[in-house]
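# Topology and contacts: notes
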Amino acid sequence: MLPVLVGIVGGVPFILFLAKTERFGMITLSGIICGLIMMSMGGNGIYPLLTGMVCGLFADILFIKLKSSSFSMSLSYAAFSLRRFYDTAQKCILFIQSSNKNGLAKYKLNYSSR
């Protein structure tokens with residue numbers, strides 16, 4: 001439920017930001033700033049910065065190439081939001097790896113005996 005709310009609430013300021021954006025690189029800069037903030041909050045390493053740059057650049061290219069229409073605004077917001085998906089997936093993978101190292105792997109269920 002929370003990702004849906006973040007997508008809806010975060011989409012409005014992003015679309016308003018795109019309405020004022022006239023230069024290439026503003027979305028990428030926004031992705032870098034968001035990545036730096038996420039990286040400084042701890043525990044994520046450099047991955048939020050990298051995904052912020054890549055997804056921001058991809059959103060910038062989509063927005064400029066599709067001639068600043070409302071469709072390009074929606075599509076670039078979707079591309080920019082991919083960074084949150086990757087950050088969440090990376091945290092889940094790191095949690096699973098750390099829980100396996102801590103001995104929680106012995107609690108896995110074995111369905112082959114049924």
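Scroll up to find the structure this text is about.
A brief report on the enclosed structure follows. (Residues numbered from 1 in each chain as written. Predicted model: local features only at pLDDT ≥ 70, side-chain atom pairs only at ≥ 80, totals over all residues. Heavy atoms only, no water.)

### A word on helix α2 (residues 26–40)
Just so we agree on the cut-off: Numbering of helices and strands starts at the N terminus; helices are DSSP runs of H or I of at least 4 residues and strands are runs of E of at least 2. Here the expected span of a helix is defined as 1.5 Å times the quantity of residues minus one. Think of it in three bands: with a 1.4 Å probe and only protein chains considered, a residue is buried below 20% of the maximum accessible area for its type, exposed above 50%, and partly exposed in between. By arc we mean the arc of the directions from the helix axis to the C-beta atoms, nothing more.
Across its 15 residues, α2 extends 21 Å between first and last C-alpha, which sits within 8% of the 21 Å expected from 1.5 Å per residue. When α2 is considered as a whole, its buried residues turn out to be I27, T28, G31 and G35. Seen along its axis, α2 keeps its buried residues to an arc of 100°; they face one direction. One or two steps after α2, the chain reaches G42, where phi turns positive at roughly 100°.

### Re the packing of aromatic side chains
Quick note on the threshold: Between 30 and 60 degrees the pair is tilted, below 30 it is stacked and above 60 it is edge-to-face, where a pair is any two Phe, Tyr or Trp rings, Trp via its six-membered ring, whose centres lie within 6.5 Å.
On inspection of all chains with the given rule, the structure shows three aromatic pairs. For the pair F14 and Y77, a centre-to-centre distance of 5.2 Å together with 45° between the ring planes defines the contact as tilted. One end of the pair, F14, is in helix α1 (residues 2–20); the other, Y77, is in helix α4 (residues 70–101), and 63 residues separate them in sequence. Three or more aromatic residues joined by ring pairs make a cluster, and in this case those are F14, F17, Y77 and F80.

### Details of the nonpolar core
Rules: Put simply, buried Ala, Val, Leu, Ile, Met, Phe, Trp, Tyr and Cys residues joined by side-chain atoms within 4.5 Å make one nonpolar core. Should any heavy atoms of two residues lie within 4.5 Å, those residues are counted as being in contact.
F14, L18, I27, A59, L62, F63, M73, Y77, A79 and F80 together form the largest nonpolar core, which totals 10 residues. Secondary-structure elements contributing two or more residues to this core are α1, α3 (47–65) and α4. In this structure, Y77 is in contact with V6, G7, G10, G11, F14 and R84, ignoring residues within four places of it in sequence.

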